[in-house]
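Per-entry structural report
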Amino acid sequence: MGDHHHGPAKGLSRWLFTTNHKDIGTMYLWFSFAMFLLGGTFAMIIRAELFQPGMQLVEPAFFNQMTTLHGLVMVFGAIMPSFVGLANWLIPMMIGAPDMALPRLNNWSFWILPPAFLLLASTLFMEGGAPAAGWTFYAPLSTTYAGPSVTIFIFCIHILGVSSIMGSINIIATVMNMRAPGMSYMKMPLFVWTWLITAFLLVAVMPVLAGAVTMMLMDVHFGTSFFSAAGGGDPVLFQHIFWFFGHPEVYIIILPAFGVVSQIIPAFSRKPLFGYDSMVYATAAIAFLSFIVWAHHMYTVGMPVAGELFFMYATMLIAVPTGVKVFNWITTMWRGALTFETPMLFCIGFLVLFTIGGFTGLMLSIAPADFQYHDSYFVVAHFHYVMVAGAVFSMTAAVYFWLPKWCGKMYNETMGKTHFWISFIAFNVTFFPQHFVGLAGMPRRIPDYSLQFADFNMMSSIGAFVYGASQLLFLYNVIATIVAGKPVSDDKVWDGAEGLEWTVATPAPYHTFEVPPKIDPAHAHF
Amino acid sequence: MFSGLELENYSMSLNTFKRLLAFAAGVLVTLPGLALAAGGEKNALNMPVGVTDVGRSIFDLHMIILWICVAIGALVFGVMFYSIIYHRKSRGVKPAQFHESTKVEIAWTVVPFLILITMAVPATSTLLDIYDFDDADMDVLVTGYQWKWKYEYLAEDGESVAFFSNLSTPQAEIYNTDGKNENYLLEVDEPLVIPVDTKVRFLVTANDVIHSWWVPELAVKKDAIPGFINETWTRANEIGTYRGQCAELCGKDHGFMPIVVEVVSKEDYAAWLGEKQEQAAKVKELMAQTFSLEELMARGKAVYERNCLACHGARGEGGVGTAIAGSPIATGELGGHLEIGINGVAGTAMQAFGGQLNDVDLAAVITYQRNAFGNNMGDLVQPIDVFNYKQG
Ligand code: HEM
Ligand SMILES: [Cu+2]
């Protein structure tokens, strides 16, 4: 017994050797925020160069390294680990489990990440510079035409893959085995559901990515020609493999965000989620469809027309379950009793902007039109609406929502709302004009542009600087809360919040649910 | 309960909502506004309609789907903002507790599905149109190189015509020491010329990495993939100059390989082609001549600036490529210099120029490299030397 109730170890070893899901969740969250700032710094360099036509600050080669690292760090370093951190903190508390099923594995999943990103960042100082073939690193630009850093990059991707797979196995094992008695699948909170499905997606596609980079390694160092036509291979094969990973990957990023929003909107509407079952089914449908739409990223590679048609129809179909989600959130708000604390504001921001991103996604799915949109700034605008205003906004909402439970202190609401408004406006100033320049013909990933794009690019850059700066306000607010926030003592921090995590003490004790909670059988779902 | 949640203190003022509403209205108005602003040059907001029938159908598809999105958006955001304004706790509403309705769920699954089907029909027919490569009146082979385009007119009678098309914007404009001209970054030394009202089939490929040939007003974008030949086509209905850019990240100077297409009348095209063929015949003649050092240096300088400068620097100081000034190859034995110039260095940015430049230009540029930048080797290379080296 005595051993069971120990608190955290002291000093550095607490963090190095911890197997506690809350500690690991905290580390993931801080790490991902650090990566968010790093990737943001790269973005600031990009936007500074694009502030005006002409080359001012960096050379084209370095510019390409910046766009590449920005994408890689944001996707693999910021967004994905942040949601893993959230899963670690919340899934055990939401299903009434004492910890994750595989705590030691959990420690490893986290601790291999920082060295991987350190390695990746270190390539900036290598001869030939960091990888520069874009976050999608198409062969042969990324293989036989790449600098020496590609080898390190491949190694990093392998480590990230291992980390994600271990993390996912852990989540699957936890959800399948550790639910409190009475917590049936169809009672689980949606956040748990979306993560469970995400974890399956990860286990399915990370090995595919690992395969792609291993083939690259063979092409670069061992004389194979997987991706070189001269040796009997096929450069387009790379794209098929990459996007077979890549399209599910974008849903790996957004599904947990859907989960978060599905927890927060009912809380501040004081009304249950409109269609719990259909939300679960829609998530599963999206996950399934995400495996059969990958070539919508490749409409211009010269596929046979039958292939184009198949991928066009399948992609258009994805809009249906996505629409079901949006309609459900709105209907949940309908005739609720709404209040607008910071987490709710970020969720509403998500709802508006993610929907716009979904619309542009639908436009992009129309293959003939995509011949004009593809690889233009229109695509850049699309995926920032879904990934920043989608994933990052919902992550921000999540931090504001659960922070009081985690640290027992309330953040400064005025500062939180200020953060929201600045983010929301600056985000749109940054990315809305990118639709225009994209439609008018500005290709993505260029360090310099012709004069007719100048005004909108300057607007975009100004928006980006403000958006970037406003994240420092967020950082300040979180630190100020942890250090000196107003203490909260209610278990249920928010009056409309539902779920087992709100039944434990505030701040959440180091160990929770060592004895499984009693689940009221009358409770439809959490 | 956390007291901060008391509605009076924490729910947003109606003013804030008005702002939010104004913004959403702004967004909703901007989108259609975008439709109306069909392609003004400065600050264009929308996709150009372009000068082809396919471009027209694509533009129509784009506008239909955009309007469908605007309509759905107006509905969804309208309901949301209504709720935000009227269903606020601060107005004292009691939350309803309704949830689950199979009827509603079926409706909002089926209706969007039907909308999508109506969208898929015209999209399919446009796509089939784009994929109809038959009955082209002429063929042009387009090859992407790091970082320029090569155009070859296939199956024409007489002398075959092929040339490279390079960015012609001066470095001084790019590096801001000179003012930028109106076609900044969208200008080339030699544009592609095609006749109006003619179905031109493009065979698109690449020499090194993947590029993508994109001219918005011709509604053509096709990836140029090394080892594969893609097909696409256009039929321009209007004479004019149409500009585009490489659309697929292809390395350092991806942003600096524009495309310019001159669509001219059929007569002008015939005249242009005749002239080109004459020029090609002349180059053949030149190949048999011997040149003085001055002639070779003058020609070589121009060739260098067009083909070598991007990597080897304006003063031969190097960059992506090694330095030419004092280089052991440029100041070494001639055979080695010819070898590298003609066959390149596999797996690096140094291309095999043997297939890209004619023998006169190769002779000139190698002479230039050996005698410029303080290399002063004093030897000259004649076209015949290049020819003989190529023969082995
Ligand atoms: C209604 C749902 C969606 C549809 C129909 C859709 C469709 C598309 C299409 C067709 C493209 C390819 C555009 C091109 O390159 O020409 C694309 C690009 C992209 N989408 Fe979506 N999308 C949707 C939602 C999402 C979501 C939820 C995310 C991620 C959170 C996402 C992330 C991306 C990214 C990252 C790219 C660009 C990748 C790249 O080339 O770098 N999309 N989308
Ligand atoms: Cu996709």
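Shown above is the structure to which this text applies.
Here is a short report on the structure shown in this document. All values derive from a computational prediction rather than experimental measurement. (Residues numbered from 1 in each chain as written. Chains lettered and ligands numbered in written order. Predicted model: local features only at pLDDT ≥ 70, side-chain atom pairs only at ≥ 80, totals over all residues. Heavy atoms only, no water.)

1. A look at the overall build of chain A
In terms of helices and strands, chain A carries 15 helices and two strands. Across its three principal directions, the C-alpha atoms of chain A cover 65 × 50 × 45 Å. The 526 residues of chain A split such that 68% are buried. Across chain A, every contact between residues at least 6 apart in sequence was considered, and the portion connecting residues at least 24 apart equals 82%. Only carbon and sulfur atoms are counted for the fraction: they give 72% of the accessible area of chain A, which is about 15800 Å². In chain A, 19 positive and 24 negative side-chain charges are present, and the distance between their average locations comes to 13 Å. (Helix = DSSP H or I, 4+ residues; strand = E, 2+ residues; numbered from the N terminus. Buried < 20%, exposed > 50% of the residue type's maximum accessible area, 1.4 Å probe, protein only. Contact = heavy atoms within 4.5 Å. Areas by Shrake-Rupley, 256 points an atom, 1.4 Å probe, with all protein chains shown as cover. Lys, Arg positive; Asp, Glu negative; His and termini not counted. Charge placed at Lys NZ, Arg CZ, Asp CG, Glu CD.)

2. As for the overall build of chain B
Counting its regular elements, chain B contains eleven helices and ten strands. Burial status across chain B gives 51% buried among its 392 residues. Partitioning the intrachain contacts of chain B with sequence separation of at least 6 by distance along the chain shows that 65% fall at a separation of at least 24. Per element, the accessible surface of chain B, about 17200 Å² overall, is 57% carbon and sulfur.

3. Section: the coordination of the iron atom of ligand 1
Under ideal tetrahedral coordination, the four donors around a metal are separated by 109.5 degrees; under ideal octahedral coordination, the six donors are separated by 90 or 180 degrees. Within the protein, just one atom coordinates the iron atom of ligand 1: A:His382 (NE2), at a distance of 2.2 Å. Between the two metal centres, the iron atom of ligand 1 and the copper ion (ligand 2), the spacing is 4.6 Å. (Donors = N, O, S within 2.8 Å, 3.2 Å for Na, K, Ca; no water.)

4. Description of the packing of helix α10 (residues 305-333) of chain A against helix α11 (residues 342-365) of chain A
The geometry of a pair of packed helices is captured by two quantities: the angle between their axes and the separation between those axes. All names here are of chain A. In the contact formed by α10 and α11, the axes pass within 10 Å of each other and the chain directions differ by 160°. With respect to α11, the element α10 is oriented roughly antiparallel. As α10 runs across α11, the sense of the crossing is left-handed. Residues Met312, Thr315, Met316, Ala319, Thr322, Val326, Trp329, Ile330 and Met333 of α10 touch α11, and the partners they reach there are Met344, Ile348, Phe350, Leu351, Phe354, Thr355, Leu362 and Ser365. (Axes fitted to C-alpha atoms, helices over the stretch in contact; angles between N-to-C directions. Parallel < 35°, antiparallel > 145°, perpendicular 65-115°, else oblique. Left-handed = near helix turned anticlockwise from the far one by under 90°.)

5. With respect to the sheet that holds strand β6 (residues 211-215) of chain B
Residue and element names in this part refer to chain B. Across the sheet, five strands lie side by side as β4-β10-β9-β6-β7; this open sheet has mixed pairing. The open sheet has two edge strands, β4 (192-195) and β7 (220-224), and neither has a second partner. Sheet twist, expressed as the average angle between the axes of neighbouring strands with direction ignored, equals 25°. Summarising the sheet, β4 and strand β10 (residues 258-264) pair through four bridges and their orientation is parallel. Paired with leucine 192 across the bridge in β10 is valine 261. (Pairing = 2+ DSSP bridges.)

6. Here we look at the sheet that holds strand β5 (residues 200-206) of chain B
Residues and elements named next belong to chain B. With mixed pairing, five strands are arranged side by side in an open sheet as β3-β2-β1-β5-β8. Unpaired on one side and paired on the other, β3 (161-165) and β8 (230-234) mark the two borders of the sheet. Adjacent strand axes in the sheet meet at a mean angle of 25°, parallel and antiparallel pairs treated alike. As paired elements, strand β2 (residues 148-154) and β3 share five bridges and run antiparallel to each other. Looking at the pairing, tyrosine 151 lines up with phenylalanine 163 of β3. Across the sheet, helix α6 (residues 266-287) touches β1 (138-145), β2 and β3, and the angle it forms with β3 is around 95°.

7. Here's the deal with the packing of helix α7 (residues 190-221) of chain A against helix α9 (residues 276-289) of chain A
Residue and element names in this part refer to chain A. Between α7 and α9, the least distance of the axes is 10 Å, while the angle of their chain directions is 15°. Considering their axes alone, α7 and α9 lie roughly parallel with respect to each other. You can see that α7 and α9 cross each other, and the crossing is right-handed. Every residue of α9 that contacts α7 at Leu190, Trp193, Thr194, Ile197 and Leu201 is listed here: Tyr276, Met279, Val280, Thr283, Ala284 and Ala287. Looking at the contact of α7 with α9 residue by residue, the class counts come to nine nonpolar, two polar and no charged. (Nonpolar A, V, L, I, M, F, W, Y, C, P; charged D, E, K, R; others polar.)

8. Overview of helix α4 (residues 103-111) of chain A
Residue and element names in this part refer to chain A. Of all the residues in α4, the buried ones are Asn106, Asn107, Ser109 and Phe110. On an axial view of α4, the arc spanned by its buried residues comes to 160°, and they lie on one face. Seen from the open side of α4, the exposed residues pointing more than 90 degrees away from its buried face are Arg104 and Trp108. Considering only its buried residues, α4 is in contact with α1 (12-17), α2 (21-49), α3 (60-95), α5 (113-122) and α6 (149-177). (Arc of directions from axis to C-beta.)

9. Points about the site of ligand 1
Residues and elements named next belong to chain A. In the vicinity of ligand 1 there are 24 residues, among which Trp135, Asp370, His374, His382 and Arg444 approach most closely. Side-chain polar atom of aspartate 370 to an oxygen atom of ligand 1: 2.5 Å apart, as the coordinates give it. Between a nitrogen atom of ligand 1 and a side-chain N or O atom of histidine 382, the distance comes to 2.9 Å. Contributing elements (two or more residues each) for the shell around ligand 1: α8 (235-269), α10, α11 and α13 (377-407). The element contributing the most residues to the shell around ligand 1 is α11, with six residues. (Near = heavy atom within 4 Å. Polar contact = N/O pair within 3.5 Å; in protein donor to acceptor, adjacent residues only side chain to side chain.)

10. Structural notes on the coordination of the copper ion (ligand 2)
Residue and element names in this part refer to chain A. Binding of the copper ion (ligand 2) to the protein goes through His247 (ND1), His296 (NE2) and His297 (NE2), at separations of 1.8 to 2.1 Å. One chain supplies every donor to the copper ion (ligand 2), and in sequence these donors are spaced H-x48-H-H. Owing to a relative accessible area of 5%, histidine 247 belongs among the buried residues under this scheme.

11. Overview of the interface of chain B and chain A
Taken together, the contact between chain B and chain A spans 105 residues of the former and 115 residues of the latter. Across the interface of chain B and chain A, roughly 9700 Å² is buried in total on both sides, 71% from carbon and sulfur atoms. Counting every contact that joins chain B to chain A gives one salt bridge. With its nearest N and O atoms 3.3 Å apart, the salt bridge here joins B:Lys89 to A:Asp495. Linking chain B to chain A there are 27 residue pairs in polar contact (both at pLDDT 80 or more). Broken down by secondary-structure element, the contributors of at least two residues to the side of chain B that touches chain A are α2 (14-36), α3 (53-86), α4 (102-130), β7 and β9 (240-246) of chain B. Its residues placed into classes, the side of chain B that touches chain A shows 61 nonpolar, 28 polar and 16 charged. (Buried area = accessible area lost by both parts, 1.4 Å probe. Salt bridge = Lys/Arg side-chain N within 4 Å of Asp/Glu carboxyl O.)

12. Quick notes on the packing of aromatic side chains
Inspection of every chain in the model, using the stated rule, returns 70 aromatic pairs over all chains. Between A:Phe76 and A:Phe245, the ring centres sit 6.3 Å apart and the planes meet at 10°, which makes this aromatic pair stacked. With A:Phe76 in helix α3 and A:Phe245 in helix α8, the pair connects residues that are 169 residues apart, well separated along the chain. Taken as a pair, A:Phe76 and A:Phe245 share a single burial class, namely buried. When the centroid spacing of 4.6 Å and the interplanar angle of 20° are considered together, the rings of A:Tyr373 and A:Phe378 count as stacked. Here A:Tyr373 and A:Phe378 have matching classes, each one buried. For the cation-ring pair, B:Lys148 lies above B:Phe164, with the distance from its terminal atom to the ring centre recorded as 5.5 Å. For the cation-ring pair, B:Lys252 lies above B:Trp147, with the distance from its terminal atom to the ring centre recorded as 5.5 Å. (Phe/Tyr/Trp six-rings, centres within 6.5 Å; stacked < 30°, edge-to-face > 60°. Lys NZ or Arg CZ within 6 Å of the ring centre and 35° of its normal.)

13. Concerning the pairing of β8(B)
Residues and elements named next belong to chain B. The buried count for β8 comes to four of five residues, which makes it a mostly enclosed element. Strand direction decides the pairing type here: β5 and β8, joined by five bridges, are antiparallel. In the sheet register, phenylalanine 202 faces β8, and the bridge partner there is threonine 232.

14. Notes on the pattern of salt bridges
The tally for this structure, following the rule as stated, stands at 16 salt bridges over all chains. With a shortest N-O distance of 3.0 Å, A:Arg270 and A:Asp495 are connected by a salt bridge. Taken as a pair, A:Arg270 in the loop between α8 and α9 and A:Asp495 in the segment after β2 (486-487) lie far apart in primary sequence, 225 residues in all. When its relative accessible area of 25% is taken as the criterion, A:Asp495 is described as partly exposed. Here A:Arg444 makes a salt bridge to A:Asp375, at a shortest N to O gap of 3.5 Å. Residue A:Arg444 is found in the loop between α14 (413-439) and α15 (454-484), and its partner A:Asp375 is found in the loop between α12 (367-373) and α13; the two are separated by 69 residues along the sequence. The pair A:Arg444 / A:Asp375 is uniform in exposure class, with both members buried. Connected through shared salt-bridge partners, A:Arg270, A:Asp495 and B:Lys89 make up one network.

The values reported here are purely geometric and, on their own, carry no functional implication.
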